[in-house]
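# Structural characterization, general
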Amino acid sequence: MLLQIRGIISTISFLDIIDIVIVAYFLYKFYFMIKDTRAVALLKGLVVLLLATLVSKWLGLNVINWLLQKTMTVVLVALPVVFQPELRRALEQLGRGRFFRDGALLNAEEKETLFEELARTVTGLSKNKIGALMVLERETGLNDYIETGIKVDGLVSSEFLINIFIPNTPLHDGAVIIRGNRVQAAGCLLPLSDDRSLNKELGTRHRAAIGISEQTDAVVIVVSEETGIISLARGGRLHRYLDAEKLKEHLAPLFVAKTSSLSDLFSWRPS
């Protein structure tokens, strides 16, 4: 047995190791891209279907095996449609040279200031039960959604954001999109989630927050107009009943400083 293992190891070349590392790295990035999204549940379903196909073949259940094989064929054809948000996100990141990047655009001081202003904003909005929808851009660009609103380009501050969401104002019902530490636009329209498993109590704001987080890697902060509850949407999932401190705890790991030298190797920016 040991001789066989040594024989296998002796056949592995340096190029094979590089090949394995590259594939492992892409799988690692793919896993974190679909983590905490509906794609994970779909992948689990595919694994169960594949195992059932193998078991039926092993047991000689020919009719069941034939049906499962045909089902697998249909599923494989439908995969590009089912995983359209994830595929779109990956292609956008690759096209922008960001697939290999883990960092945000803010330094530590700017990040701390941004989180503090957002925490003050949601505290004031929640206390007065003023509805709000704030989208924080990460790696995937949101220009398509910025164009649906009114361009602002103002520095993020709690007073500024609260004034935007004051009821009965033109920009109250739309979403604010934040890039870095600046408000790019207000009154923006977002896609609504079509997930039928969502709580029926969730209104349009929450469905819009989940919808944009399904199609991009953006982080969305929602304040309910009816209850004042603070929520955060990410990757198609909604985290509710947050306060200012919990909100900052959720945001902190999502906007980390770039530390990997591998990012510098693969990232390209025009000068």
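So, a few notes on the structure that sits alongside this text. Owing to the predicted nature of the structure, the values given are computational and were not obtained by experimental measurement.

What follows concerns the nonpolar core. Membership of the largest hydrophobic core comes to 28 residues, with the highest contact counts inside it found for Leu-118, Met-134, Leu-136, Phe-165, Val-176, Ile-221 and Leu-251. Mapped by element, the contributors of at least two residues to this core are helix H6 (108–127), strand E1 (132–136), helix H8 (158–164), strand E3 (175–179), strand E4 (182–188), strand E5 (219–223), strand E6 (230–234) and helix H10 (244–251). A per-element tally of this core places H6 first, with five residues. Excluding anything up to four places from it in sequence, Leu-136 contacts Leu-118, Ile-178, Ala-218, Val-219, Ile-221, Leu-251 and Phe-255. By size, the runner-up hydrophobic cluster in this structure holds 17 residues, among which are Ile-177, Ala-208, Ala-218 and Val-220.

Now for H6. Spanning 20 residues, H6 covers 29 Å between terminal C-alpha atoms, matching the ideal 28 Å at 1.5 Å per step. Each element contacted by the buried residues of H6 is listed here: E1, H8, E3, E5, E6 and H10. Lys-129, located one to two residues past H6, shows a positive phi value of around 50°.

A few words now on the pairing of E1. A large share of E1 lies buried, amounting to five of its five residues. The alternating pattern of E1 places Ala-132, Met-134 and Leu-136 on one face and Leu-133 and Val-135 on the opposite face, and all of these are buried. The pairing of E1 with E5 spans five bridges and is antiparallel. Residue pairing across strands places Leu-136 opposite Val-219, the latter belonging to E5. With three bridges connecting them, E1 and E3 associate as parallel partners. Bridge pairing in E3 links Leu-136 to Ile-178.

In total, this model carries eight salt bridges according to the counting rule given. Between Asp-153 and Arg-182 there is a salt bridge whose closest N-O contact spans 2.9 Å. Remark: Arg-182 occurs in strand E4 and Asp-153 occurs in strand E2 (residues 150–155); sequence separation between them is 29 residues. Residue class for Asp-153 comes out partly exposed when judged on its relative accessible area of 45%. The exposure class assigned to Arg-182 is partly exposed, which follows from its relative accessible area of 31%.

The next subject is the pairing of E5. Where burial is concerned, most of E5 is hidden: five out of the five residues are buried. Here E5 shows no split at all, with Val-219, Ile-221 and Val-223 on one side and Val-220 and Val-222 on the other all buried. Where E5 meets E6, four bridges bridge the pair, whose relative direction is antiparallel. Bridge pairing in E6 links Val-222 to Ser-231. From the end of E5 to the start of E6, which pair antiparallel, there are six residues, and Gly-228 there has a positive phi angle of about 80°.

Thresholds, definitions, all that
- Residues numbered from 1 in each chain as written.
- Predicted model: local features only at pLDDT ≥ 70, side-chain atom pairs only at ≥ 80, totals over all residues.
- Heavy atoms only, no water.
- Core = buried A, V, L, I, M, F, W, Y, C linked by side-chain atoms within 4.5 Å.
- Buried < 20%, exposed > 50% of the residue type's maximum accessible area, 1.4 Å probe, protein only.
- Helix = DSSP H or I, 4+ residues; strand = E, 2+ residues; numbered from the N terminus.
- Contact = heavy atoms within 4.5 Å.
- Expected span 1.5 Å × (residues − 1).
- Pairing = 2+ DSSP bridges.
- Salt bridge = Lys/Arg side-chain N within 4 Å of Asp/Glu carboxyl O.

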